[in-house]
Amino acid sequence: MKIIPAIDIIDGKCVRLSKGDYDTKKIYNEHPLEVAKEFEASGIQFLHLVDLDGAKSKHIVNQKVLENIAKETSLQIDFGGGLKTEKDIETAFNAGAKQITIGSIAVQNPEFCYQLIEKYGAEKIILGADCENKMIKTSGWLEQSDKNVINFILDYQKKGIRNVICTDISKDGMLGGASTELYREILEKTSVQLVASGGISCIEDVYLMKEIGCAGTIIGKAIYEGKITLKELQKFIEN
């Protein structure tokens with residue numbers, strides 16, 4: 001199972017939110033590259049980089065941060081937040097993203113996203129299934145859709161999507177444990193490679209995500225708040 005730390009960016013700084021609420025912003029480091037290098041030094045190979053400014057303003061904003069991390073580390077970066085147009089997506093790939101995550105746009109403009117899957121290949125595109133009470137939310141989690149998360153994933157699975165990041169918004173940044181039952185249900189009813197995101201609070205949660213069959217786990221606040229150490233993650237990776 002992949003260990004994928006998250007770096008969320010506002011104003012070029014590494015921050016975390018609680019339940020996606022921008023008013024709960026907490027800055028952890030003014031220099032995201034420093035954070036990325038620490039992850040790399042601990043044997044981590046993957047990074048989930050989110051442009052929160054981009055998500056809010058509906059176009060890519062922090063591509064410079066992506067560029068710096070891609071240039072200065074060998075981390076495989078999946079990038080999301082504000083990717084609404086072909087131009088945004090090309091900018092992200094040109095700046096060094098190995099994969100991009102489509103979330104809001106996947107709800108609002110599915111035809112465009114089907115074309116992206118065809119153009120770039122399914123391995124380059126991750127479906128971001130961010131939900132609350134099993135209903136998909138969009139636009140930096142500010143807008144409610146009428147789509148059920150399982151049906152949403154199944155629709156995209158039919159179009160070739162293999163990689164899905166599912167975030168239970170009610171758990172995100174709360175350090176209260178992951179949405180295990182939701183992930184079990186997704187794994188049962190779909191055949192995607194599922195990356196669990198939101199609520200991971202201790203190393204036991206990481207082992208549990210592996211046990212239920214997740215392909216990866218995104219860890220954010222638990223690392224920044226010292227609930228999970230990079231040493232523990234290194235041990236997990238080595239084992």
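Before any of the text, the structure's been laid out above.
The shown structure was predicted, so the numbers you read here are calculated from the model rather than taken from an experiment. (Residues numbered from 1 in each chain as written. Predicted model: local features only at pLDDT ≥ 70, side-chain atom pairs only at ≥ 80, totals over all residues. Heavy atoms only, no water.)

### Some details on the nonpolar core
Of all hydrophobic cores here, the largest spans 69 residues; its most connected members are Ile7, Ile102, Tyr156 and Tyr183. Broken down by element, this core gets its largest block of residues, 6 residues, from helix α6 (residues 110-120). What tyrosine 156 contacts, discounting residues up to four positions off in sequence, is Ile102, Ala106, Pro110, Cys113, Tyr114, Ile117, Leu127 and Ile161. (Core = buried A, V, L, I, M, F, W, Y, C linked by side-chain atoms within 4.5 Å. Buried < 20%, exposed > 50% of the residue type's maximum accessible area, 1.4 Å probe, protein only. Helix = DSSP H or I, 4+ residues; strand = E, 2+ residues; numbered from the N terminus. Contact = heavy atoms within 4.5 Å.)

### A few points about the pairing of strand β10 (residues 163-168)
Across the 6 residues of β10, 6 count as buried, placing the element largely inside the fold. Both strand β7 (residues 125-132) and β10 contribute to a ladder of 6 bridges, which runs parallel. Bridge assignment links cysteine 131 to a residue of β10, and that residue is aspartate 168. Pairing of β10 with strand β11 (residues 193-197), which is carried by 5 bridges, proceeds in the parallel orientation. By the bridge assignment, isoleucine 165 is partnered in β11 with valine 195. (Pairing = 2+ DSSP bridges.)

### Observations concerning the packing of helix α4 (residues 86-94) against α6
With their axes 12 Å apart at the nearest point, α4 and α6 run at an angle of 35 degrees to one another. As for the relative orientation of α4 and α6, their crossing is right-handed in sense. Side by side, α4 and α6 meet where Glu86, Ile89, Glu90 and Phe93 of the first sit next to Phe112, Leu116, Lys119 and Tyr120 of the second. Grouping the constituent residues of the contact of α4 with α6 by class yields 5 nonpolar, no polar and 3 charged. (Axes fitted to C-alpha atoms, helices over the stretch in contact; angles between N-to-C directions. Left-handed = near helix turned anticlockwise from the far one by under 90°. Nonpolar A, V, L, I, M, F, W, Y, C, P; charged D, E, K, R; others polar.)

### Notes on the layout of surface pockets
Which parts of space are left empty comes out when a probe the size of a water molecule is rolled across the atoms. Looking at the largest pocket, its volume works out to about 280 Å³. Residue lining of the largest pocket: 16 residues in total, with Lys2, Phe46, Gln99, Ile126 and Asn163 positioned closest to the centre. Secondary-structure elements contributing two or more residues to the lining of the largest pocket are β1 (2-10), β4 (46-51), β5 (76-80), β10 and β11. No other element matches the 3 residues that β5 contributes to the lining of the largest pocket. Its residues assigned to classes, the lining of the largest pocket shows 8 nonpolar, 4 polar and 4 charged. When its volume is computed, the second largest pocket comes out at roughly 150 Å³. What lines the second largest pocket is Tyr28, Asn29, Val35, Glu38, Phe39, Ile223, Tyr224, Ile228, Thr229 and Leu230. Looking at the lining of the second largest pocket element by element, the count peaks at 3 residues for helix α1 (residues 32-41). Partitioned by chemical class, the residues of the lining of the second largest pocket number 7 nonpolar, 2 polar and 1 charged. (1 Å grid on protein atoms, 1.4 Å probe; cavity = no way out; pocket = protein on both sides within 12 Å on 5 of 7 lines; lining within 4 Å. Points joined across faces, edges and corners; volume = space filled by probe spheres on them.)

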